[in-house]
Amino acid sequence: MATMTVKSTYSLDVGTVRTLEGLARRWNVSKSEALRRAIRGEAERQPSPMDARLQALRALQESVAARGVDLDAWEQQAAGIRRGSFRRLSDSE
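Quantities reported herein were computed from a predicted structural model and do not represent experimental measurements.

Lay out the pattern of salt bridges in plain terms, naming residues and giving numbers.
Pairing between side chains becomes possible if they bear opposite charge and their charged atoms approach one another. Tallied over the entire structure, the rule returns four salt bridges. Residue Arg37 is joined to Glu33 by a salt bridge in which the shortest nitrogen-to-oxygen separation is 3.1 Å. Of this pair, Arg37 and Glu33 both sit in helix 2 (residues 31-45), separated by four residues, roughly a single helical turn. For Arg37, a relative accessible area of 36% puts it in the partly exposed group. Its salt-bridge partner being Glu42, residue Arg45 comes within 3.1 Å of it at the nearest N-O pair. Taken together, the positions of Arg45 and Glu42, both in helix 2 and three residues apart, correspond to about one turn of that helix.

I'd like to hear about the packing of helix 1 (residues 14-27) against helix 2, residue by residue, with values.
Helix packing for two helices is described by the angle between their axes and how far apart those axes are. Where helix 1 meets helix 2, the axes come as close as 8 Å, and the angle between the chain directions of the two elements is 95 degrees. Judged by the inter-axis angle, helix 1 sits roughly perpendicular to helix 2. Note on element contacts: helix 2 touches helix 1 through Lys31, Ala34, Leu35 and Arg37, opposite Leu20, Glu21, Leu23, Ala24 and Trp27. Looking at side-chain class alone, the contact of helix 1 with helix 2 contains six nonpolar, no polar and three charged residues.

Before we move on, could you go through the confidence of the model for the protein chain and cite the residues and values that matter?
A residue-level look at the protein chain finds 91% of positions with pLDDT of 70 or above and a mean pLDDT of 88. Predicted confidence in the protein chain is weakest over helix 4 (residues 71-91), with a mean pLDDT of 80, and strongest over helix 1, with 97.

Basis of the calculations
- Residues numbered from 1 in each chain as written.
- Predicted model: local features only at pLDDT ≥ 70, side-chain atom pairs only at ≥ 80, totals over all residues.
- Heavy atoms only, no water.
- Salt bridge = Lys/Arg side-chain N within 4 Å of Asp/Glu carboxyl O.
- Helix = DSSP H or I, 4+ residues; strand = E, 2+ residues; numbered from the N terminus.
- Buried < 20%, exposed > 50% of the residue type's maximum accessible area, 1.4 Å probe, protein only.
- Axes fitted to C-alpha atoms, helices over the stretch in contact; angles between N-to-C directions.
- Parallel < 35°, antiparallel > 145°, perpendicular 65-115°, else oblique.
- Contact = heavy atoms within 4.5 Å.
- Nonpolar A, V, L, I, M, F, W, Y, C, P; charged D, E, K, R; others polar.
- pLDDT = per-residue confidence, 0-100.

Below you can see the structure in the form of structure tokens.
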């Protein structure tokens, strides 16, 4: 099955082109394939922003669980603080 490709033009410095050519020779593939592999490889190594956000959320959840925080009580307290702030803002008008 044929792979769909899109032709693109990029400007690369001489050193990058030489590195790309070296990778292509080492992997015995075209420069286009070497570039695709390099991009895919780097994308796999870098966590996506969504992954980083999910990791932060999980760390927060684990921290809260480890400290035994009563989330229902915390939610009620936060709601009370918000209601109190709203009243103060409304009263000043």
